[in-house]
Amino acid sequence: DRRTLTLKALELFSLLETIPRAELSREYCSAEQLRLARHLRDHLLTNREGYVSLAQLAAEHEMSVSHLQKLFKQVYGVPIYRYIKEYRLEQAAVELVRSRKPITEIAQHAGYDNASKFSESFKKRYGKTPSRYRADKKNAVKRSIKNKTE
């Protein structure tokens, strides 16, 4: 339906605004290194239940922690934990708009045990508290739908 498409389009535009504009690395990265960096990223992003230390990941891939960190930053332009934090905040922003879940539940899913720390990080990233962000996005959708039906 038209309302759903409008919401999805706004959601996509919101996500596109969050893509970091990091400078491209001038260092060469082999296909194998690129695959490894993607594997590490995927592992870190999908393993939300338990904490995985960089030392453990580095040992599993027979490399030093510093080499793992350098490789990740070379491929993605930012340190590992900053990448994870930004990714989880982006996912939380989408969830705030898509669902009616309580903010504390969204905060926990984003890896925050403390909702106030989540709100602080979210406000630093988006310039608004999670509740204000949710309200503003939903109001924007309503205005968009209203304007299109007039």
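Residues numbered from 1 in each chain as written. Predicted model: local features only at pLDDT ≥ 70, side-chain atom pairs only at ≥ 80, totals over all residues. Heavy atoms only, no water.

Student: Tell me about the overall build of the chain, and name the residues and values.
Tutor: The secondary structure content of the chain amounts to 8 helices and 0 strands. The linear arrangement of helices and strands in the chain, starting from the amino end, is α-α-α-α-α-α-α-α. Residue burial in the chain is summarised as follows: out of 150 residues, 31% are buried. Intrachain contacts of the chain at a sequence separation of at least 6 include 63% that bridge at least 24 residues. Accessible area for the chain stands at about 10300 Å²; split by element, carbon and sulfur atoms hold 52% of it. (Helix = DSSP H or I, 4+ residues; strand = E, 2+ residues; numbered from the N terminus. Buried < 20%, exposed > 50% of the residue type's maximum accessible area, 1.4 Å probe, protein only. Contact = heavy atoms within 4.5 Å. Areas by Shrake-Rupley, 256 points an atom, 1.4 Å probe, with all protein chains shown as cover.)

Student: Go over the packing of helix α2 (residues 31-46) against helix α5 (residues 80-98), please, and point to the residues and values.
Tutor: Angle between the axes and distance between the axes are the two parameters that describe a pair of packed helices. Closest axis-to-axis distance for the α2/α5 pair is 11 Å, and the angle between their directions is 50 degrees. Relative to α5, α2 is oriented oblique. In this structure, the crossing between α2 and α5 has a hand that is right-handed. Two secondary-structure elements touch here, α2 through R41, L44 and L45 and α5 through I80, Y83, I84, Y87 and R88. Of the residues in the contact of α2 with α5, the class split is 6 nonpolar, no polar and 2 charged. (Axes fitted to C-alpha atoms, helices over the stretch in contact; angles between N-to-C directions. Parallel < 35°, antiparallel > 145°, perpendicular 65-115°, else oblique. Left-handed = near helix turned anticlockwise from the far one by under 90°. Nonpolar A, V, L, I, M, F, W, Y, C, P; charged D, E, K, R; others polar.)

Student: How would you sum up the side chain of S99? Please name residues and give values.
Tutor: Tracing the backbone through its elements, the reader meets S99 in the loop between α5 and α6 (103-109). Using a relative accessible area of 12% as the deciding quantity, one classes S99 as buried. Polar side-chain contacts of S99 include one of 3.3 Å to the backbone nitrogen of K101. Those residues in contact with S99 that sit more than four places away from it in its chain are I106, R134 and K138. (Polar contact = N/O pair within 3.5 Å; in protein donor to acceptor, adjacent residues only side chain to side chain.)

Student: Quick rundown of the packing of aromatic side chains? Include the residues and the values.
Tutor: What the rule picks out here adds up to 8 aromatic pairs. When the ring of F72 is compared with that of Y76, the centres are 4.7 Å apart and the planes differ by 40 degrees; the resulting orientation is tilted. Placement of both F72 and Y76 in helix α4 (residues 65-76) is noted, with a separation of 4 residues, approximately one turn of the helix. Y76 carries the same exposure label as F72, and that label is buried. (Phe/Tyr/Trp six-rings, centres within 6.5 Å; stacked < 30°, edge-to-face > 60°.)

Student: Residues and numbers for α5, please.
Tutor: The end-to-end C-alpha separation of α5 is 27 Å, in line with the 27 Å expected for 19 residues at 1.5 Å each. Residues of α5 that are buried include every one of I80, I84, R88, L89, E90, A92, A93, V94, L96 and V97, and no others. (Expected span 1.5 Å × (residues − 1).)

Student: Before we move on, can you summarise the pattern of salt bridges with the specific residues and values?
Tutor: On inspection of all chains with the given rule, the structure shows 7 salt bridges. Between E86 and R125 there is a salt bridge, and its shortest N-O distance comes to 2.4 Å. Here R125 lies in helix α7 (residues 115-126) and E86 lies in helix α5, a separation of 39 residues in the sequence. Residue E86 is classed as partly exposed on the basis of its relative accessible area, which comes to 24%. Take R125: its relative accessible area is 25%, and that puts it in the partly exposed class. Between E90 and R125 there is a salt bridge, with the nearest N and O atoms lying 3.9 Å from each other. Here R125 lies in helix α7 and E90 lies in helix α5, a separation of 35 residues in the sequence. Among the residues examined, E90 registers a relative accessible area of 15% and is labelled buried. (Salt bridge = Lys/Arg side-chain N within 4 Å of Asp/Glu carboxyl O.)

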